[in-house]
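A look at the structure
So you can see what is in the structure, the chains are spelled out below.
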Amino acid sequence: MTKPSKFTGLGTVVLALVFLVAIVFAANNSTVLGWVIAVIAFGWLALSTLVYIGVHKAAAFGARQVKLAQAEMAQRNSAHAPADGGTRLVSDNAGSRQAAKARELKLDHSFKIISVQIGVVNDYLGKDDAMVARALETIDITARNGRGLVNPNWEAQEAKMDDAMEKKNAARAAETRPGTQGPDDDQPVSGVVLD
């Protein structure tokens, strides 16, 4: 329950003062009109007190309901979030203006995360290796998520390129092994020997 502000009950205080003044005048003069004014002032005082209490309770109830709704929404969103924490496209329709805008915003956010983590690496380099490792891991995850936004099949394409590079490196290594003839082994070696 929240605390009411300083001037919230000002009207009730004014009505209470009017009631007290009416009581004092009615008691001093002993007139019927004074007592009627005192009863009317008491009625308004009671009514304003009830309204004040009702509004305050309704505001507190509304605040609790909003907090409960926010908590339920956050729980529902976390239950439906992907387990790997990855970033997904909003729409399969790549030509959609809304999907393009969402992708741009996510990419912008990814770049901001990477910029912040680079600052963390610079601040903690040589001071806290664990913090640097976490920052580098965050940069790696964020970069992978960003690449997934630009090209959802980037991992498969990168695996194909890695396989092709391994085959090429293996072929080069086979060409330059001792006892095998490489492309330049037919030519004599020439040059100056330095001591």
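In the block above lies the structure referred to throughout.
My aim in this report is to walk through the structure given alongside it, one point at a time. Since we're looking at a predicted model, the values are computed, not measured.

1. Focus on the overall build of the protein
The helix and strand inventory of the protein stands at five helices and zero strands. In sequence order, the protein lays out its α and β elements as α-α-α-α-α. Relative to its 195 residues, the protein shows a buried fraction of 15%. Across the protein, contacts joining residues at least 24 apart in sequence account for 45% of those joining residues at least 6 apart. Summed over all atoms, the accessible surface of the protein reaches about 15,800 Å², with 62% contributed by carbon and sulfur.

2. With respect to the pattern of salt bridges
Throughout the structure, instances matching the rule amount to three salt bridges. For Arg-144, the salt bridge identified is with Asp-140, shortest N-O distance 3.4 Å. Of this pair, Arg-144 and Asp-140 both sit in helix H4 (residues 129-150), four residues apart, which is roughly one turn of the helix. For Asp-140, a relative accessible area of 40% translates into the label partly exposed.

3. Observations regarding the packing of helix H3 (residues 97-124) against H4
H4 packs onto H3 with a crossing angle of 160° between their chain directions and a minimal axis gap of 9 Å. One way to sum up the angle between H3 and H4 is to call them roughly antiparallel. Our pair here, H3 against H4, has a crossing hand that is left-handed. Where H3 abuts H4, its residues Arg-103, Lys-106, Leu-107, Ser-110, Ile-113, Ile-114, Gln-117, Ile-118, Val-120, Val-121 and Tyr-124 lie against Met-131, Val-132, Ala-135, Leu-136, Thr-138, Ile-139, Thr-142, Ala-143, Gly-146, Leu-149 and Val-150. Taken together, the residues of the contact of H3 with H4 sort by class into 15 nonpolar, five polar and two charged.

4. Comments concerning the packing of H4 against helix H5 (residues 154-175)
At their nearest, the axes of H4 and H5 sit 9 Å apart, and the two run at 105° to each other. Between H4 and H5, the angle is such that the two are roughly perpendicular. Every residue of H5 that contacts H4 at Arg-144, Arg-147 and Gly-148 is listed here: Trp-154, Glu-155 and Glu-158.

Definitions and cut-offs
- Residues numbered from 1 in each chain as written.
- Predicted model: local features only at pLDDT ≥ 70, side-chain atom pairs only at ≥ 80, totals over all residues.
- Heavy atoms only, no water.
- Helix = DSSP H or I, 4+ residues; strand = E, 2+ residues; numbered from the N terminus.
- Buried < 20%, exposed > 50% of the residue type's maximum accessible area, 1.4 Å probe, protein only.
- Contact = heavy atoms within 4.5 Å.
- Areas by Shrake-Rupley, 256 points an atom, 1.4 Å probe, with all protein chains shown as cover.
- Salt bridge = Lys/Arg side-chain N within 4 Å of Asp/Glu carboxyl O.
- Axes fitted to C-alpha atoms, helices over the stretch in contact; angles between N-to-C directions.
- Parallel < 35°, antiparallel > 145°, perpendicular 65-115°, else oblique.
- Left-handed = near helix turned anticlockwise from the far one by under 90°.
- Nonpolar A, V, L, I, M, F, W, Y, C, P; charged D, E, K, R; others polar.

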